[in-house]
Amino acid sequence: MLKSLSIALLLFPFISFGQDTPTDFLDKEFHKQKREELRAKLPDNSVAVFFANPKRNRANDVEYVYHQDPDFYYLTGYREPGAMVMIFKENQKNVDGKQYNELIFSQSNNNRRATYDGTILGVEGVKALGFELVHDAGDFKEMEVDFSTFDKVLFFNFKEDIRDDTRNEADLYSLTVQFKDKANYPIDYNAD
């Protein structure tokens, strides 16, 4: 009895403190402020586009622990793959006449995928991060965004290790392909 009690006391710090949810995450006001600071520095009539980090494959069907692109997290607070955010210098109008100056596209909350990937925020969950207009990543394909109307479309060079998830037509690969098409990105472009 004394032996099992002493083992329990030795393990108590690991059991009790190791299960807590981290509380040091940045709040949504921090990320919104950073988007406003970026918007203030954008040239007139421009849009900045950021993509989430892709999932990285370790071996066969085993992936590395996901880590969000630091720039994407800094601006959004979003820690899941398969997303894109567009930050506009000036206000834009959607088809309903509502004004906006940022759009985020995220993965849908799919219970079947959650079985394998864990809980996904989905559109409603991303709104809790401080975004008013949140779209499912699959909506970007049909959305009419005319990038030719902007003087500058700013984005980082694309990562070359984005895999095409053929089971998901709204994955990060699809978002980048659709963006390149809408922005008239040259196929043979080399940023180096």
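Below is a short write-up of the structure. (Residues numbered from 1 in each chain as written. Predicted model: local features only at pLDDT ≥ 70, side-chain atom pairs only at ≥ 80, totals over all residues. Heavy atoms only, no water.)

### So, the nonpolar core
Grouped together as the largest cluster of nonpolar side chains are 23 residues, with contacts concentrated most on V49, F51, M84, M86, L103, F140 and F147. If near-sequence neighbours (up to four positions away) are discounted, V49 is found in contact with M84, V85, M86, F147, V153, L154, F155, F156 and F179. The next biggest cluster of nonpolar side chains, apart from the first, holds 15 residues, and it includes L42, L75, I104 and V134. (Core = buried A, V, L, I, M, F, W, Y, C linked by side-chain atoms within 4.5 Å. Buried < 20%, exposed > 50% of the residue type's maximum accessible area, 1.4 Å probe, protein only. Contact = heavy atoms within 4.5 Å.)

### Describing the pattern of salt bridges
Two side chains bearing opposite charge may form a pair once their charged atoms approach each other closely. Counted under the stated rule, the structure contains seven salt bridges. A salt bridge links R39 to E36; the nearest nitrogen and oxygen atoms lie 2.7 Å apart. Taken together, the residues span about one helical turn, with R39 and E36 both in helix α2 (residues 28–41) at a distance of three residues. What makes R39 buried here is its relative accessible area of 6%. With a relative accessible area of 36%, E36 lands in the partly exposed category. Its salt-bridge partner being E132, residue K98 comes within 4.0 Å of it at the nearest N-O pair. Highlighted residues: K98 in the loop between β4 (84–93) and β5 (99–106) and E132 in the loop between α5 (122–127) and β6 (134–136), separated in sequence by 34 residues. Of the residues examined, E132 reaches a relative accessible area of 58% and is grouped as exposed. Put simply, K32, R35, E36, R39 and E102 are held in one network by salt bridges that share partners. (Salt bridge = Lys/Arg side-chain N within 4 Å of Asp/Glu carboxyl O. Helix = DSSP H or I, 4+ residues; strand = E, 2+ residues; numbered from the N terminus.)

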